[in-house]
Number of protein chains: 2
Amino acid sequence: MASIKDIAKKAGVSISTVSYALNGSPKVTDETCARILAIAKELNYVPNAAARSLKKKESKIIGAFLPDFSGGFYGDLLQGMKGTLIQKGYDLVVCSGPQSHRLLAEKLFDGALILDHTFSDEQLLNFAELGHRLVVLDRELKHPNINHVLLDNKAGASLAMEYLIDLGHRKIYVVTGPEGSYDSKQRMAAVRQTVERNSDVECIEISGDFNRTGGERAGKQIAAEFAGPVAVFCLNDEMAIGMYDYISETDLEMGKDIHIIGFDNIELSEYIRPRLATIDYSKKKWGSLASEQLIKIIEGKPVENERIYVTLVKAESVKPV
Amino acid sequence: MASIKDIAKKAGVSISTVSYALNGSPKVTDETCARILAIAKELNYVPNAAARSLKKKESKIIGAFLPDFSGGFYGDLLQGMKGTLIQKGYDLVVCSGPQSHRLLAEKLFDGALILDHTFSDEQLLNFAELGHRLVVLDRELKHPNINHVLLDNKAGASLAMEYLIDLGHRKIYVVTGPEGSYDSKQRMAAVRQTVERNSDVECIEISGDFNRTGGERAGKQIAAEFAGPVAVFCLNDEMAIGMYDYISETDLEMGKDIHIIGFDNIELSEYIRPRLATIDYSKKKWGSLASEQLIKIIEGKPVENERIYVTLVKAESVKPV
DNA sequence: TTGTACGCGTTATCAC
DNA sequence: GTGATAACGCGTACAA
């Protein structure tokens, strides 16, 4: 690997001259500058990332942390992040898994976008206290180095519940997310509020995990207890798909015996039959907005906590009772 | 950010002693070692990644390069990579987009896994020549620092074509990938070979792009020319889905007028109706094997170019003629 | 206009 | 067992 030193030697100048030339400083003759640039190109010179970040204390890289790489959920989100970050001169890398927490700790990134429940609140606050700039998408955290950009979970959950109720459903199962999930908690709060306002509605909670298997398990329970048409609000689409998978192997029929609505509007929801009713929001905009906020924090500009709006997607998985 | 220097000061020892203690050298008293470790913990000390890679010339990070974050294609692949890399003491980060090429050039990673047509062969060979260790999943490249782990494209394409032919189809459209795609070229070679061996088969090539829109366009053309049942081999599932989307808006029926087979067995293929016939392979194993090869190159061990085997998935999107 | 010298945080090689 | 000290590659005041 050619370094600045090699160029200096070959050009017969000092390393500082080379540095100036490469950084376009006006302190160097156009002539020598051109010569140095030519030699740099010839030697395939690329500045070493480690050395530069060590000196400048910035890497121009942002890390996005996700619990896993699976599913159609994260694609648009990351696309949104990448777009605005590149525009601001940053690169994006995506990390997953508890091991990868090291990368955040070691200050490899100028900032991080967190949508990853495997981080604890304490960890993140600790990172922030040590000077890391964060934007969290899956919790609320109060710290000058942290901003949050969150879904309007309550509006979404209310929309879903009211849709079911408006269509005449009175027995409603709700499949929750994993213990401790902020999104799940928020959605459940709205669910319970809605149920309180509708005293004739019977609401049965089943604990889930936001994964397909959780939806299957819930489907199994519902099928076992089946005694007439019911509605189900799965707190995310992934679980709704799992429930489809299970129910399709029974005598029960989606959109007739079991009326189901999800949350997230992932790509698959559009293709399964009957199409899954769900709550939609722009994942791309979410990623984009979060990235904008992060850059603002890094640049020391004022930020406000933003919210992503949601809409109801009606579909054949829910019919009037 | 607490550095090794801060610890040294607080412990009243030199920085080298601290370094020894932190790296568990036996050359330091258990007593002082314990004291230093305690102070390190107290100060939230984390070694600085930039400084360490600058000195050790390794980062213990592997980069995976993809053309985009979209679709259900990459999830399992990345999961496979992550699993074996972590086991070997490396972390994985995922990069996408032409901007991110910088990260590779700047030696941020100890090695990279490439499945990204936005790199040219020359670029990659150039990187290899400069000492970067690469494993490519989407082309063949001959260089001591490069290994390739490829799909058995020819077997897959032959399986698909023979399946159609065995079921009596004689008019077969083939929708190709984008210009220059290695996978597309390999698959097309096998397609043409199969056609040559079956002189009564009429094969019509339509150029595609491996994206949904390409499948839609091809569907449009096929519908316009429609004059009786035809079979279609889409060189990947994504285009097959696009074709479904288009055809479903016409009077034509999948699995009756249009018999279609894809390649990749992405998640969606299992859920669309009729289920898509396709070519399957373990994406997880692919990622895992590629990672193993990369680590071997980095550690200077001998490698062989591996191949990923494929199987035929029969389904209702293809019926006998 | 160019060269010298130092610092960034870490590791490694020496003396002591 | 411990402590200076040089080196990694780059950036930048400051001196020449």
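The name given to chain A in an unreviewed UniProt entry is LacI family transcriptional regulator, and the organism recorded there is Paenibacillus cineris.

*Asks:* What should I look at first to understand the overall build of chain A in this one?
*Replies:* Per the secondary structure count, chain A includes 13 helices and 12 strands. Against the compact-globule benchmark of 20 Å for 321 residues, chain A has a radius of gyration of 26 Å, which places it well outside the compact range. Across its three principal axes, chain A shows a C-alpha extent of roughly 90 × 35 × 30 Å. Counting all 321 residues of chain A, 56% fall into the buried class. Taking as baseline every contact in chain A between residues at least 6 positions apart, the subset at least 24 positions apart corresponds to 69%. Within the structure as shown, chain A displays about 14,200 Å² of accessible surface, and the carbon and sulfur contribution to it stands at 48%. A distance of 9 Å separates the average location of the 39 positive side-chain charges in chain A from that of its 44 negative side-chain charges.

*Asks:* Just to check I follow, could you spell out the packing of aromatic side chains for this structure?
*Replies:* Both the distance between ring centres and the angle between the ring planes are used here to describe each pair of aromatic rings. Throughout the structure, instances matching the rule amount to 10 aromatic pairs over all chains. On the numbers, 5.0 Å between centres and 80° between planes, the contact of Phe73 of chain B with Tyr74 of chain B is edge-to-face. A relative accessible area of 16% means that Phe73 of chain B is categorised as buried. Overall, Tyr74 of chain B belongs to the buried group, its relative accessible area being 12%. Considering the side-chain rings of Tyr281 of chain B and Trp286 of chain B, the 5.8 Å spacing of their centres and the 90° angle between planes classify their relative orientation as edge-to-face. Grouped by ring-pair contacts, the aromatic residues Phe65, Phe109 and Phe119 of chain A constitute a single cluster. Stacked on the ring of Tyr281 of chain A, the Lys or Arg Lys283 of chain A has its end atom at 4.7 Å from the ring centre.

*Asks:* Is there a simple way to think about the UniProt feature "domain: HTH lacI-type" (unreviewed entry) in chain A in this case?
*Replies:* The UniProt record marks residues 2-56 of chain A with the feature "domain: HTH lacI-type" (unreviewed entry), using the residue numbering of this structure. From the first C-alpha to the last, residues 2-56 of chain A spans 20 Å; its make-up is 67% helix and 0% strand.

*Asks:* What should I look at first to understand the interface of chain B and chain A in this one?
*Replies:* Many authors give the size of an interface as the accessible area that is lost as the parts come together. Contact with chain B, which involves 48 residues of that partner, is made by 48 residues of chain A. For the chain B and chain A pair, buried surface summed over both sides reaches about 4,200 Å², with 62% attributable to carbon and sulfur atoms. Of all residues in chain B, the largest losses of buried area upon contact with chain A belong to Phe69, Glu106 and Tyr271 of chain B, amounting jointly to 17% of the total for that side. For the pair chain B and chain A, the interface holds 6 salt bridges. Between Glu106 of chain B and Arg52 of chain A there is a salt bridge, with the nearest N and O atoms lying 2.8 Å from each other. Broken down by class, the residue content of the side of chain B that touches chain A amounts to 24 nonpolar, 13 polar and 11 charged.

*Asks:* Just to check I follow, could you spell out the protein's contact with DNA strand C for this structure?
*Replies:* Around DNA strand C, a shell composed of 27 residues is seen, among which Ser14, Ser16 and Lys55 of chain A together with Ile4 and Tyr45 of chain B lie nearest. Ser14 of chain A places a main-chain nitrogen or oxygen 2.7 Å from a phosphate oxygen of DNA strand C. Ile4 of chain B is positioned such that a nitrogen or oxygen atom in its backbone is 2.7 Å from a phosphate oxygen of DNA strand C. Contributions of two or more residues to the surface near DNA strand C are made by α2 (15-22) and α4 (49-56) of chain A together with α1 (4-11), α2 (15-22) and α4 (49-56) of chain B. Among the elements that make up the surface near DNA strand C, the one with the highest residue count is α4 of chain B (4 residues).

Conventions used here
- Residues numbered from 1 in each chain as written.
- Chains lettered and ligands numbered in written order.
- Predicted model: local features only at pLDDT ≥ 70, side-chain atom pairs only at ≥ 80, totals over all residues.
- Heavy atoms only, no water.
- Helix = DSSP H or I, 4+ residues; strand = E, 2+ residues; numbered from the N terminus.
- Rg over C-alpha atoms; globule rule 2.2 N^0.38 Å.
- Buried < 20%, exposed > 50% of the residue type's maximum accessible area, 1.4 Å probe, protein only.
- Contact = heavy atoms within 4.5 Å.
- Areas by Shrake-Rupley, 256 points an atom, 1.4 Å probe, with all protein chains shown as cover.
- Lys, Arg positive; Asp, Glu negative; His and termini not counted.
- Charge placed at Lys NZ, Arg CZ, Asp CG, Glu CD.
- Phe/Tyr/Trp six-rings, centres within 6.5 Å; stacked < 30°, edge-to-face > 60°.
- Lys NZ or Arg CZ within 6 Å of the ring centre and 35° of its normal.
- UniProt positions renumbered as here; feature names shortened; annotations may be inferred.
- Buried area = accessible area lost by both parts, 1.4 Å probe.
- Salt bridge = Lys/Arg side-chain N within 4 Å of Asp/Glu carboxyl O.
- Nonpolar A, V, L, I, M, F, W, Y, C, P; charged D, E, K, R; others polar.
- Near = heavy atom within 4 Å.
- Polar contact = N/O pair within 3.5 Å; in protein donor to acceptor, adjacent residues only side chain to side chain.

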